[in-house]
Structures are given as C-alpha cells and as structure tokens.
Amino acid sequence: MLPDINLLSVYGEIYQLGKTADYMIYCLMLPVIASLSVLMIQMLLSILTAPVYGFLVVVLQQLVSFYFYSPLLPGNYHMFNRLEPARESGITALPSFLFCGVLIIVCMVIGTVYMKKRDIL
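Residues numbered from 1 in each chain as written. Predicted model: local features only at pLDDT ≥ 70, side-chain atom pairs only at ≥ 80, totals over all residues. Heavy atoms only, no water.

Enquirer: Which residues make up the environment of leucine 30, and what values do they have?
Expert: Looking at the element boundaries, leucine 30 is found in helix H2 (residues 20-48). Among all residues touching leucine 30, those that are not within four sequence positions of it are Ile25, Tyr77, Leu83, Ser96 and Phe97. (Helix = DSSP H or I, 4+ residues; strand = E, 2+ residues; numbered from the N terminus. Contact = heavy atoms within 4.5 Å.)

What follows is the structure, encoded as structure tokens:
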C-alpha cells in the first residue's frame, strides 16, 4: 500500500515511487545508515583527539549540509527534500548506501589500526 498522494505532496514529492519498499529505503533505511556513518566519524575523531573535537566536526558537518546540497555530505541523506523522490537531480539511494558503507569501513579500519598501535586491546 503506497502512501496517500495528498500526504506525498505535503512533503514535496515530485516522483511517486513504485513500491512501498522504495519509501522504506528512502525514509527509514537511508537516514539510519547515514546516522551510523556520522556516528562512526565522531567516534573515530573522539578516539584520535579529544571528544569535543569529534562533536564539533559532526555539528559543523550537519550545519554545512543544511546549507549546501552535496552527495558527499551525509547530513543531506537525512532530509527528504534532498533525495531523489523530491528533486529532479536528487540524491539516489544506492550511491548513498555505498558512500556511507565506505565511511563506516574506513573509520573502523583506521580505529583498529590506531588501537593496535596504542596497544590498548
């Protein structure tokens, strides 16, 4: 069952997606994976430097993504108006998942290497 067309127009959707699963991807899964990638960046920066720097970088990234549209800013994946259903050249799901996945893996690898060098584990 697809969402009501009147509800979609309130959110500014210009392309009605074909399946309910597409809405689940854009409205539920993409923001969650974007949040995980941002949190991994914050955790990595908190481990490498002071925790306040990780927090400041995440806040700065969220502010920049609020004002500038770029697929390289994970903060844009949280906003429905920046995604493909709401814009002609909006952010699509598959490259966004790949970008967030790469960010998570890179943060995990750098964090693991750093922890092994520190001999904390």
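Once you've had a look at it, read on.
Enquirer: Quick one: what's the story with the nonpolar core, residue by residue and with numbers?
Expert: Core analysis: the biggest nonpolar cluster contains ten residues, these being Tyr26, Leu30, Ala34, Tyr77, Phe80, Leu83, Ala86, Ile91, Ala93 and Cys100. Those elements giving two or more residues to this core turn out to be H2 and helix H4 (93-118). By residue number, the principal contributor to this core is H2, which donates three residues. (Core = buried A, V, L, I, M, F, W, Y, C linked by side-chain atoms within 4.5 Å. Buried < 20%, exposed > 50% of the residue type's maximum accessible area, 1.4 Å probe, protein only.)

Enquirer: Mind laying out the packing of aromatic side chains, listing which residues take part and the relevant values?
Expert: Where two aromatic rings form a pair, the distance of their centres and the angle of their planes describe that pair. Counted under the stated rule, the structure contains one aromatic pair. For the pair phenylalanine 66 and tyrosine 67, a centre-to-centre distance of 5.1 Å together with 85° between the ring planes defines the contact as edge-to-face. The class for phenylalanine 66 is partly exposed, based on a relative accessible area of 48%. Under the relative-accessibility criterion, tyrosine 67 is labelled exposed at 61%. (Phe/Tyr/Trp six-rings, centres within 6.5 Å; stacked < 30°, edge-to-face > 60°.)

Enquirer: How would you explain the side chain of glutamine 61 if you had to name every residue and give the values?
Expert: By the secondary structure assignment, glutamine 61 is in helix H3 (residues 51-67). Residues contacting glutamine 61, with those up to four places away along its chain left out, are Val38, Leu73, Pro74 and Gly75.

Enquirer: Tell me about the packing of H2 against H4, residues and numbers included.
Expert: Each pair of packed helices can be described by the angle between their axes along with the distance between the axes. The geometry of H2 relative to H4 is characterised by a closest axis approach of 9 Å and an angle of 25° between their N-to-C directions. Classed by the angle they form, the pair H2 and H4 counts as roughly parallel. Seen from above, H2 lies across H4 with left-handed handedness. Partitioning the contact of H2 with H4 into residue classes produces 22 nonpolar, three polar and no charged. (Axes fitted to C-alpha atoms, helices over the stretch in contact; angles between N-to-C directions. Parallel < 35°, antiparallel > 145°, perpendicular 65-115°, else oblique. Left-handed = near helix turned anticlockwise from the far one by under 90°. Nonpolar A, V, L, I, M, F, W, Y, C, P; charged D, E, K, R; others polar.)

Enquirer: A description of a nonpolar patch on the surface should follow, citing residues and the corresponding values.
Expert: Side chains of Val52, Tyr53, Phe55, Leu56, Val59, Leu60, Leu63, Val64, Phe66, Tyr67 and Phe68 sit close together on the surface and give an oily, nonpolar patch of about 1100 Å² of accessible area. In this fold, tyrosine 67 is placed in helix H3. (Patch = residues over 30% accessible without salt bridge, like charges linked within 9 Å, V, L, I, M, F, W, Y side chains within 5 Å. Areas by Shrake-Rupley, 256 points an atom, 1.4 Å probe, with all protein chains shown as cover. Salt bridge = Lys/Arg side-chain N within 4 Å of Asp/Glu carboxyl O.)

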